[in-house]
Every structure is written in C-alpha cells, then in structure tokens.
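# Architecture at a glance
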Amino acid sequence: QVQLVESGGGLVQAGGSLRLSCAASGRAFSGMGWFRQAPGKEREFVAGISRSGDTTNYADSAKGRFTISRDNAKNTMYLQMNSLKPEDTAVYYCAAALATPTPTRLWQVNSWGQGTQVTVSS
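Residues numbered from 1 in each chain as written. Predicted model: local features only at pLDDT ≥ 70, side-chain atom pairs only at ≥ 80, totals over all residues. Heavy atoms only, no water.

### Structural notes on the overall build of the protein
Scanning the protein from terminus to terminus reveals zero helices and eleven strands. Listed N to C, the secondary structure of the protein is β-β-β-β-β-β-β-β-β-β-β in terms of helices and strands. When its C-alpha atoms are laid out on the principal axes, the protein stretches across 40 × 30 × 25 Å. Expressed as a percentage of the 122 residues in the protein, the buried residues total 46%. (Helix = DSSP H or I, 4+ residues; strand = E, 2+ residues; numbered from the N terminus. Buried < 20%, exposed > 50% of the residue type's maximum accessible area, 1.4 Å probe, protein only.)

Put into structure tokens, the structure is as follows:
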C-alpha cells in the first residue's frame, strides 16, 4: 500500500496562491494526481502527473492557473495554485495509481491521502 500525506492547504483571498505538497511512502506506484471535493459535490479530477514527471494533464478548470510537479528523490508531489477563485474552495486529495500513468478517474486511484482544506475568500 502507498501512504500519502498532504500539507499546504489554508485560507487565501481570491487572486492569491497556495502550494500543496504530498509526501508518499510505501510500495512503488505509477502516476499521481490531485483531486478535490467541494461540499455537496462529487470528488473531481484536478491534475495528474506521470512517474517520470514528463507527462501532465489538467482539468479545464485548472489549466493556466495550476501546475503539478513531483520530486522523486523526495517522494513528494506538488500542486502550485495561482489566481485562486472562490470556486476552488474544496478539500484537496493526493492520489496514487499503481497501474495508470496519469490518473484522471476515481477508479484509477489505488491510494488516497487524508485531504487538505483549501478555502478561497472573495
């Protein structure tokens, strides 16, 4: 199993920035990603990255504002979020997939972190 621990969430004003981190440990895994879940809504894909970091993909809502990256030497993945909007408010979850290069669907994820709250005020 893969253990994932997120950090970096918090409260920020609209237009501000936050950087989320996800520290991974345990068995080897393939792709990683970030998902989020707002109150009353389903968990949704935000961004994904391959094991090497060469391939990334983003939800339309994240394109141009968010950047996903990973440092395999530190077993850590990041999500740099700029130009934040109130609609970005959600619990953000780190995800790891054993067999999918860049997970974008919930069923592709094998391990989840506990989540970190991001709140964007208007």
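Right, picking up where we left off after that structure.
### Comments concerning the state of the cysteines
Across all of its chains, the model carries one disulfide by this definition. Each sulfur of the disulfide joining Cys22 and Cys94 lies 1.9 Å from the other. A torsion of -70° about the S-S bond marks the disulfide between Cys22 and Cys94 as left-handed. One end of the pair, Cys22, is in strand β3 (residues 18–26); the other, Cys94, is in strand β9 (residues 90–96), and 72 residues separate them in sequence. (Disulfide = S-S within 2.5 Å.)

### A short note on the sheet that holds β3
As summarised here, the arrangement of the four strands in space is β1-β3-β8-β7, forming an open sheet in which the pairing is antiparallel. Two strands lie at the open edges of the sheet, namely β1 (2–7) and β7 (66–71), each paired on one side alone. Ignoring which end each strand starts from, the neighbouring axes of this sheet average 15° apart. Here β7 runs beside strand β8 (residues 76–81); their pairing, made up of six bridges, is antiparallel. The partner of Ile68 across the bridge, within β8, is Leu79. (Pairing = 2+ DSSP bridges. Axes fitted to C-alpha atoms, helices over the stretch in contact; angles between N-to-C directions.)

### Examining the environment of Pro39
Inspection of the secondary structure assignment puts Pro39 in the loop between β4 (32–37) and β5 (44–49). Judged by relative accessible area, which is 75%, Pro39 ranks as exposed.

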